[in-house]
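Residues per chain are reported as follows:
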Amino acid sequence: MKTETLWRNATSVLAGALLLAGCSDEKPTEAEKVAAASVPGAPSQGAADATAKGAPASNVTEKSDLIEFVYAYPKDAAQIAELANALDGDRAAKREALIAAAQRDKAAAEKGGFPYRVHSHRQNWQRVTSTPRFLSLSAEIDSYAGGAHGMQSFDTLIWDRNRRRQMKPLDLFISSEAFDAAIRDPFCAGIKRAKAAKGILADEAPDSPFAKCPPASAQTIWLGSSDGRYLDRMTIAIGPYEVGPYAEGSYKINVPVTGALVKAVKQEFARDFLPIN
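Since this is a predicted model, take the numbers as computed values, not measurements.

J.: Explain the overall build of the protein chain residue by residue, including any values.
T.: Within the protein chain, the regular secondary structure consists of eight helices and nine strands. Among the 277 residues that make up the protein chain, the fraction classed as buried is 42%. Within the protein chain, contacts between residues at least 6 apart in sequence are counted, and of these 59% link residues at least 24 apart. Just so you have it, the protein chain exposes about 14500 Å², and 54% of that area is on carbon and sulfur atoms.

Given below as structure tokens:
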């Protein structure tokens, strides 16, 4: 009876995923077809992997008088059943939160007698690199909640094929403190160069909120590879307001993978990194 109940619940999850796809005129992804694969009585993990193997990239788009919603991820992620299911869950949660906020603000606008501005969330996951062990993804997110302007933010994830689990790049390092200490100088220098390229002098006034270089660990870390074998590239994405006013926009700072940085990597992952000469 317990197995039957779990299977019925999993079927309900799948039905919800199909409904979401239907709302956006998108066909269900292959990953959604195996959404119930992790419960007793469901197909084995091998069967789920086989089903997801040929899955195409996912791109769900929805537009109405209330919201504009876009959520996409590449086929590299769609073809890993557990990862695709996790991203589908994140997509559903982001859509639900967007609708809830939009409905609340629209009701307030109608009550106050002022126009409602369509709320939006656009999130596009892309492959940074794929090595024998890791799939590294980056996401750029544009959102708007009816204010003076929209907002840009970033996200990141690493899929560990050996352990079949989702991680953040910082999880590969001993600690955030060790990570920051290893890259602080090139990271802070990179910010100054990026500002100079925009014709902006770094603000070093003592009372300025942007006088200090922020910790890299508090930003979004993207790990890449030049040869498809080792992690030897890194970019730190910095959103608006982090190192300057909104008008400056965002920054993407390339930081070298040095020997000092690799020393800050946890021992179990050190062999997957390759420092520059």
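J.: Can you explain the state of the cysteines? Please cite residues and give values.
T.: Enumeration according to the criterion identifies one disulfide in this entry. Residue pairing for Cys188: its cysteine sulfur links by disulfide to Cys213, the two sulfurs lying 2.1 Å apart. Between Cys188 and Cys213 the disulfide shows an S-S torsion of about -95°. By sign, it is left-handed. In this pair, Cys188 sits in helix α6 (residues 176-197) while Cys213 sits in the loop between α6 and β7 (220-224), placing the two residues 25 residues apart along the sequence.

J.: Run through the pairing of strand β5 (residues 151-160), naming residues and quoting values.
T.: Among the 10 residues that make up β5, seven are buried, leaving the element largely enclosed by the rest of the structure. Here 10 bridges tie strand β4 (residues 134-144) to β5, and the two strands are oriented antiparallel to one another. What sits directly across from Leu135, in β5, is Trp159. Taking the residues that link successive antiparallel strands as the turn, the β4-β5 hairpin has six residues, and the phi of Gly146 there is positive, at about 90°.

J.: Hey, could you go over the sheet that holds strand β8 (residues 233-238) for me, with residue numbers and the actual values?
T.: Here we have three strands laid out as an open sheet, ordered β7-β8-β9, and antiparallel in their pairing. Each edge of the sheet is formed by a strand with only one pairing partner; in this case those strands are β7 and β9 (251-256). Pairs of neighbouring strands in the sheet enclose a mean axial angle of 25°, with direction left out of account. Sheet topology note: the β7/β8 ladder contains five bridges and is antiparallel. Bridge pairing links Ile221 to Ile236 in β8. Across the sheet, α6 lies against β7, β8 and β9, angled at about 130° from β9, the strand it touches most.

J.: Could you give an account of the pattern of salt bridges, naming the residues involved and the relevant values?
T.: Here the structure, examined in full by the defined rule, presents 13 salt bridges. For Arg91, the salt bridge is made with Asp88, and the minimal N-O distance between the two is 3.5 Å. Placement of the pair is Arg91 and Asp88 together in helix α5 (residues 81-112), with a separation of three residues, close to one helical turn. Classification of Arg91 by relative accessible area gives buried; the value is 1%. A salt bridge links Asp272 to Arg133, with the nearest nitrogen and oxygen atoms 3.3 Å apart. Pair noted here: Asp272 is in the segment after α8 (267-270) and Arg133 is in the loop between β3 (119-130) and β4, with a separation of 139 residues, a long-range link. Residues Asp272 and Arg133 agree in their burial class; the two are buried. Through salt bridges with shared partners, a single network forms among Arg133, Asp160 and Asp272.

J.: Before we move on, could you go through the nonpolar core and cite the residues and values that matter?
T.: Core analysis: the biggest nonpolar cluster contains 30 residues, and Ile183, Phe187 and Met234 have the highest contact counts within it. Ranked by the residues each element gives to this core, the list is headed by α6, at seven residues. Counting contributing residues, this core receives three or more from each of domain 1 (46-167) and domain 2 (170-272). Sequence-distant contacts of Phe187, that is, excluding residues within four places in its chain, are made with Cys213, Pro214, Pro215, Ala216, Gln219, Ile236, Ile238, Ile253 and Val255. Within the second largest apolar cluster, 23 residues are counted, among which are Ala55, Ala78, Leu83 and Leu157.

J.: Tell me about α6, residues and numbers included.
T.: For α6, the principal kink sits at Arg184 and spans about 60°; a proline, Pro186, occurs within the next four residues. Structurally, α6 contributes buried residues whose contacts are with β7, β8, β9 and α7 (259-263). The first or second residue beyond α6 is Gly199, which carries a positive phi of 80°.

Each value, and the rule that gives it
Residues numbered from 1 in each chain as written. Predicted model: local features only at pLDDT ≥ 70, side-chain atom pairs only at ≥ 80, totals over all residues. Heavy atoms only, no water. Helix = DSSP H or I, 4+ residues; strand = E, 2+ residues; numbered from the N terminus. Buried < 20%, exposed > 50% of the residue type's maximum accessible area, 1.4 Å probe, protein only. Contact = heavy atoms within 4.5 Å. Areas by Shrake-Rupley, 256 points an atom, 1.4 Å probe, with all protein chains shown as cover. Disulfide = S-S within 2.5 Å. Pairing = 2+ DSSP bridges. Axes fitted to C-alpha atoms, helices over the stretch in contact; angles between N-to-C directions. Salt bridge = Lys/Arg side-chain N within 4 Å of Asp/Glu carboxyl O. Core = buried A, V, L, I, M, F, W, Y, C linked by side-chain atoms within 4.5 Å. Domains from an automatic or database assignment. Bend = angle between axes of the 7 residues up to and from the residue.

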